[in-house]
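# Inside the fold
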Amino acid sequence: MFSVSYFSYWRGGISIKEEFSDIIVEAPLGSRTKLTLPDGTLVWLNAGSRITYSQGFGVGNRKIELIGEGYFEVAKDTTLRFIVKAGEMEVEALGTTFNVKAYQEDRELTTTLFEGKVRTSVGKDEVILKPDESLSFDKSSRRMIVSDDLAAYARMWKDNELVFKGATMEEVAVMLDRLYNVKVRFASEKVKHYRFSGVIKNNSLDNVIELISLTAPIMYKKVGGEII
């Protein structure tokens, strides 16, 4: 009788977990979102980002699917692993602060660790990062590269600061579209390939475009909802 009762209880628990629906949280284009997960983990979502997790998060698992960019301050739990699935990349953390950038249109997936330890894997390849290290995975070449020169910039977006480190104007345009929901059109193919570096703190759209035009050999004008 005890065996039958225990099995019934266990199956009941499994049935409940299987019925949990998914919860989706989004930061639309032009905005950012901060939230607290059921286990106490803090998450910041950059513009154009989305996370999906089970309604039973923190009960049987702590798994999240991410599209876009997210900054995580993970609550400690020695019984359940905290896992972020971002495209082909999977990041496993324990009591950790880290950033994951995984926009579908970007050519790279990036994980940056600030505190604690994370195990980052793509397929069978696996790397354990130390604080202030970043791992980048190139979707085309399939190469994984670990560096320590970009960590300081990886979370500045969370504090409403924009960082461009050798970004092409085409890449800048993608970022502006995400942050301000504005379309950028280039009158010249040459302009797309000009590279820009800098940190912008007062990041209203007008200020960002003006600062870029002051330091780069480009001109711009607004036409309707477009920047040319």
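See the structure printed just above.
Residues numbered from 1 in each chain as written. Predicted model: local features only at pLDDT ≥ 70, side-chain atom pairs only at ≥ 80, totals over all residues. Heavy atoms only, no water.

## Concerning the side chain of Glu-133
- Secondary-structure assignment places Glu-133 in strand β12 (residues 133-138).
- One buried charged residue, Glu-133, remains without a salt bridge, the closest side chain of opposite sign being Lys-130 at 4.2 Å.
- Within the local environment of Glu-133, its side chain forms a polar contact with the backbone nitrogen of Lys-130, the two atoms lying 3.0 Å apart.
- If we skip the residues at most four places from it in the chain, Glu-133 touches Thr-111, Thr-112, Leu-113, Ile-128, Val-146, Ser-147 and Ala-151. (Helix = DSSP H or I, 4+ residues; strand = E, 2+ residues; numbered from the N terminus. Buried < 20%, exposed > 50% of the residue type's maximum accessible area, 1.4 Å probe, protein only. Lys, Arg positive; Asp, Glu negative; His and termini not counted. Salt bridge = Lys/Arg side-chain N within 4 Å of Asp/Glu carboxyl O. Polar contact = N/O pair within 3.5 Å; in protein donor to acceptor, adjacent residues only side chain to side chain. Contact = heavy atoms within 4.5 Å.)

## So, the layout of surface pockets
- Of the pockets and cavities examined, the largest pocket occupies roughly 1,300 Å³.
- As for the largest pocket, its lining consists of 42 residues, and the residues nearest its centre are Lys-101, Asp-106, Glu-108, Ala-167 and Glu-171.
- Of all the elements in the fold, those that place two or more residues in the lining of the largest pocket are β8 (97-102), β9 (108-115), β12, β13 (144-147), β14 (162-168) and α2 (169-180).
- Ranked by residues supplied to the lining of the largest pocket, first place goes to β14 with seven residues.
- Each residue belonging to the lining of the largest pocket can be placed in one class, and the counts come to 15 nonpolar, eleven polar and 16 charged.
- Considering only enclosed or pocket space, the second largest pocket measures out at about 260 Å³ in volume.
- Around the second largest pocket, the lining comprises 18 residues; the ones closest to its centre are Val-191, Ile-218, Met-219, Tyr-220 and Ile-228.
- When contributions to the lining of the second largest pocket are tallied by element, the ones reaching two or more residues are α2 and α4 (205-215).
- With four residues, the top contributor of residues to the lining of the second largest pocket is α2.
- Looking at the lining of the second largest pocket residue by residue, the classes come out as 15 nonpolar, two polar and one charged. (1 Å grid on protein atoms, 1.4 Å probe; cavity = no way out; pocket = protein on both sides within 12 Å on 5 of 7 lines; lining within 4 Å. Points joined across faces, edges and corners; volume = space filled by probe spheres on them. Nonpolar A, V, L, I, M, F, W, Y, C, P; charged D, E, K, R; others polar.)

## Here we look at the pattern of salt bridges
- The full count for this structure, using the stated rule, is 14 salt bridges.
- We note a salt bridge from Asp-138 to Arg-107, for which the minimum N-O separation is 3.2 Å. Linking Asp-138 in strand β12 with Arg-107 in the loop between β8 and β9, this pair joins segments that are 31 residues apart in sequence.
- What emerges from the salt-bridge pattern is a single network uniting Arg-81, Glu-92, Arg-119 and Glu-126.

## Points about the packing of aromatic side chains
- Taken as a whole and judged by the stated rule, the model has seven aromatic pairs.
- Ring centres of Phe-57 and Phe-82 lie 6.2 Å apart, and the angle between their planes is 85°; on these two criteria the pair is classed as edge-to-face. Residue Phe-57 is found in the loop between β4 (49-54) and β5 (62-73), and its partner Phe-82 is found in strand β6 (residues 82-86); the two are separated by 25 residues along the sequence. Pair check on accessibility: Phe-57 and Phe-82 agree, each one buried.
- Measuring from ring centre to ring centre gives 6.1 Å for Phe-72 and Phe-82, while their planes differ by 65°; the resulting arrangement is edge-to-face. Of this pair, Phe-72 sits in strand β5 while Phe-82 sits in strand β6, placing them ten residues apart in sequence. Accessibility classification places Phe-72 together with Phe-82 in one group, the buried group.
- Taken together, the aromatic side chains of Tyr-53, Phe-57, Phe-72, Phe-82 and Phe-98 make up a single cluster linked through ring pairs.
- The ring centre of Phe-114 lies 4.1 Å from the NZ or CZ of Arg-155, which sits over that ring. (Phe/Tyr/Trp six-rings, centres within 6.5 Å; stacked < 30°, edge-to-face > 60°. Lys NZ or Arg CZ within 6 Å of the ring centre and 35° of its normal.)

## Quick word on the sheet that holds strand β18 (residues 226-227)
- The sheet built from three strands is open, its strands ordered β15-β18-β17 with mixed pairing. At either margin of the open sheet sits one strand with a lone partner, and together these are β15 (183-184) and β17 (222-223).
- Alignment of β17 against β18, held across two bridges, turns out to be antiparallel. Note on β18: the bridge partner recorded for Lys-222 is Ile-227. (Pairing = 2+ DSSP bridges.)

## Examining a nonpolar patch on the surface
- A surface patch of nonpolar side chains, about 220 Å² in accessible area, is lined by Leu-150, Tyr-153 and Val-199.
- Relative to the helices and strands, Leu-150 is located in the loop between β13 and β14.
- Residue classification places Leu-150 among the partly exposed positions, given a relative accessible area of 34%. (Patch = residues over 30% accessible without salt bridge, like charges linked within 9 Å, V, L, I, M, F, W, Y side chains within 5 Å. Areas by Shrake-Rupley, 256 points an atom, 1.4 Å probe, with all protein chains shown as cover.)

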